[in-house]
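In case you want the letters, here they are:
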Amino acid sequence: MASETYMPGPVCLIENMEGQLVVKQEALQILSAITQPMVVVAIVGVCSTGKSYLMNQLAGKKKGFSVGSTVQSHTKGIWMWCVPHPEKPGHTLVLLDTEGLGDVEKGDDKNDTQIFALASLLSSTFVYNTMNKIDQGAIDLLHNVTELTDILRARTLPDNGVKDADDIGNFFPDLVWTIRDFYLSLERDGQLMTADEYLQNSLKMKKGSDQRTQSFNLPRLCIQKFFPTRKCFVFDSPTHQKISQLETLKEDDLNFQFVQQMAEFSSHIFNKSKIKTLPGGIKVNGPCLENLVLTYVNAINSRDLPCMENAVMTLAQRENAAAIKRALSHYDQLMGQKVQMPTETLQELIDLHRSSEGEAIEIFKKNSFKDEDQSFQKELQTLLDAKQNDICKQNEKASSDCCSALLQDIFGPLEEAVKQGLYSKPGGHNLYLQKTKELMTKYHQQPRKGIQAEEALQKYLKSKESVRNAVLQTDHALTAKEKEIEEARVKAEAAKAEAESAVVIHRQMQQMMEEKERLHQQQIRQMEIEIANILAQQHRNLAHLLQVLNQLNSKLKANNVMMRWTSLEDERKYYCKIVSCA
Ligand SMILES: Nc1nc2c(ncn2[C@@H]2O[C@H](COP(=O)(O)OP(=O)(O)OP(=O)(O)O)[C@@H](O)[C@H]2O)c(=O)[nH]1
Ligand SMILES: [Mg+2]
């Protein structure tokens, strides 16, 4: 769709009626019909500084936004002109021209700031137009706006929009600082510098922490944070004549430098300005911009905007939240690289945590902004502590898992052997204990089991207590039976031995008796022999005696003496009776 068909000229988007902002329906209708992605360029600055003129240049038209020719401020509210993008087919270039700031007749700074803030919120390129040079007043004004803008954005966009650090680059508008009627020379300490270096230098912060330095640095820091991408263009005075009707002059009548500078500026805007993007990568088109306009204007008109101090806090909150996020992600990255779970000891893990924590806190400090009471650093510390707890738990679990697997590996065969009854025998319990001890040594020798090594082992052993008891019971039962058998065997053997011994004794007794008998018989025989011998001796003695007697008798007989021998009781006892032979 050609621009002329839907927007032959600019229309008022937001009317400024005695401090109350009113969104114009006509403009909204135009927006709702544009489905192309939009590059939104807004211009703000003090009144009567050639803003509308510059916007017409971007539209490629001599006429369009109304250019003032008197001391009276001209543009009121915010005006919009949607044109086809000169360099990006299929895109729409939305030009927003705003009411000038610091109108003495209006005398309402607050209303100025609101318009200023709206322009920065709606645009993807924010052109800040000042006269002559960059001064402290211009910096302060821009700073105030960044703070209000920040509040508005925080109030009107979902949380995820401002918290995602990756989105921030797309979300903030690029700042293009234009300096009109720049009469100074771009030089510092005798060295030439570019307009960008001039801007850079003007926003440079001083070293030190005293109150004065802080007041000097704060607006600069806010601008830097709010506008990460910055560009500066300086413009010579357009003509040496009085320039109340500049737009009516031909190009040839303008200062050549000025024309060239305008061309460079336009080329930058056409080639470098980004599509207006919302958090989450949403590319703004007409209906989306319409929605943004309504949302922001409603927020401003609700009149309960927080004061500026709180706005700085909000900025600090966002910056510090992003710094915390960055620090935590650095911590995660370091721990991911360094920690191999399970760690051998808890101390090993704590040491790694401490060094990563130190680096994360350094990252936070580098990126933090106005964390004066260190509340954000404390929050980071709490989050890091929580991470440490979490990692310790993970480490414990990793150790438990590793130990369980190892225990299964090592003790599995023993369990199998028990199942197969290899330990169901007398003395099996001792063997089981011995094997368990052996496997425990093997388990202890395995490296990198982690901090749960002992606990896991004890747990495992406890879980096998019933198995061990069963082995013990079986062992006892079988041992008792075997003992019984053994006792019976011993008893039988004893009985047998006793019986055998009785036989032997009996035999010995018999032998003794026989021997005794034999000796007795022998004695008897001996005695008989002796008696016989004695008797024989006696017989011999008797015979001899008889012989003697007979001899004697013979002699006596010869002498008439008679002797009579007689036996009294038995034959062995002889008495001699000499009797006179008569
Ligand atoms: N000195 C000077 N005058 C300029 C320049 N550009 C435009 N003008 C003139 O300044 C006057 C005001 O121009 P505008 O474009 O209406 O300025 P403005 O900033 O939009 O003014 P407000 O809408 O009232 O805030 C006009 O007469 C312009 O011709 C410039 O670069 N230098
Ligand atoms: Mg104007």
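Here, every reference points to the structure presented above.
Fair warning: this is a prediction, and the values are worked out from it, not measured in the lab.

What to know about the sheet that holds strand E2 (residues 20–23)
Phase 1: Strand order in the open sheet formed by eight strands is E2-E1-E4-E5-E3-E6-E7-E10, with mixed pairing between adjacent strands. The outermost strands of the open sheet, each flanked by one partner alone, are E2 and strand E10 (230–234). Strand-to-strand, the axes of this sheet are offset by a mean angle of 20°, without reference to chain direction.
Phase 2: Of the strand pairs in this sheet, strand E7 (residues 174–180) and E10 are connected by five bridges, and their pairing is parallel. In the sheet register, Leu-175 faces E10, and the bridge partner there is Arg-230.

Digging into the nonpolar core
Phase 1: Counting 85 residues, the largest nonpolar core has Met-80 and Trp-177 as its most contacted members.
Phase 2: If we ignore the near neighbours within four places in the chain, the residues touching Trp-177 are Tyr-128, Thr-130, Ile-134, Ala-138, Ile-139, Leu-142, Leu-199, Lys-231, Cys-232 and Phe-233.
Phase 3: By size, the runner-up hydrophobic cluster in this structure holds 18 residues, among which are Leu-407, Leu-414, Val-418 and Leu-439.

A look at the layout of surface pockets
Phase 1: Computed from the structure, the second largest pocket encloses a volume of approximately 440 Å³.
Phase 2: Lining the second largest pocket are 18 residues, with Met-205, Gln-214, Asn-217, Leu-221 and Lys-370 positioned closest to its centre.
Phase 3: The dominant element in the lining of the second largest pocket, judged by the number of residues it contributes, is helix H9 (residues 211–226), at seven residues.
Phase 4: In terms of residue class, the lining of the second largest pocket is made up of four nonpolar, eight polar and six charged.

Looking at the packing of helix H15 (residues 428–445) against helix H16 (residues 453–463)
Phase 1: Relative orientation of the contacting elements H15 and H16 amounts to 160°, with a least axis distance of 12 Å. By the criterion of interaxial angle, the relationship of H15 to H16 is roughly antiparallel. Of the two possible hands of crossing, H15 and H16 adopt the one that is right-handed. Contacts from Thr-436, Met-440, Tyr-443 and His-444 of H15 reach H16 at Ala-453, Glu-454, Ala-456, Leu-457 and Leu-461.
Phase 2: Residues that form the contact of H15 with H16 fall into these classes: six nonpolar, two polar and one charged.

Concerning the pairing of E7
Phase 1: Of all seven residues in E7, seven are buried, a share of seventy percent or more.
Phase 2: Here E7 shows two buried faces, one formed by Asp-174, Val-176, Thr-178 and Arg-180 and the other by Leu-175, Trp-177 and Ile-179.
Phase 3: Across seven bridges, the pairing between strand E6 (residues 125–131) and E7 is parallel. Considered in E7, the bridge of Asn-129 is made with Thr-178.

A look at the packing of aromatic side chains
Aromatic rings considered in pairs are described by the distance between their centres and by the relative angle of their planes.
Phase 1: With the rule as written, the count across this model stands at 11 aromatic pairs.
Phase 2: Ring centres of Tyr-128 and Trp-177 lie 4.7 Å apart, and the angle between their planes is 65°; on these two criteria the pair is classed as edge-to-face. Here Trp-177 lies in strand E7 and Tyr-128 lies in strand E6, a separation of 49 residues in the sequence. Each of the two residues, Tyr-128 as well as Trp-177, counts as buried.
Phase 3: With 4.9 Å between their ring centres and 45° between their planes, Phe-411 and Tyr-460 make a pair best called tilted.

The rules behind each value
Residues numbered from 1 in each chain as written. Chains lettered and ligands numbered in written order. Predicted model: local features only at pLDDT ≥ 70, side-chain atom pairs only at ≥ 80, totals over all residues. Heavy atoms only, no water. Pairing = 2+ DSSP bridges. Helix = DSSP H or I, 4+ residues; strand = E, 2+ residues; numbered from the N terminus. Axes fitted to C-alpha atoms, helices over the stretch in contact; angles between N-to-C directions. Core = buried A, V, L, I, M, F, W, Y, C linked by side-chain atoms within 4.5 Å. Buried < 20%, exposed > 50% of the residue type's maximum accessible area, 1.4 Å probe, protein only. Contact = heavy atoms within 4.5 Å. 1 Å grid on protein atoms, 1.4 Å probe; cavity = no way out; pocket = protein on both sides within 12 Å on 5 of 7 lines; lining within 4 Å. Points joined across faces, edges and corners; volume = space filled by probe spheres on them. Nonpolar A, V, L, I, M, F, W, Y, C, P; charged D, E, K, R; others polar. Parallel < 35°, antiparallel > 145°, perpendicular 65-115°, else oblique. Left-handed = near helix turned anticlockwise from the far one by under 90°. Phe/Tyr/Trp six-rings, centres within 6.5 Å; stacked < 30°, edge-to-face > 60°.

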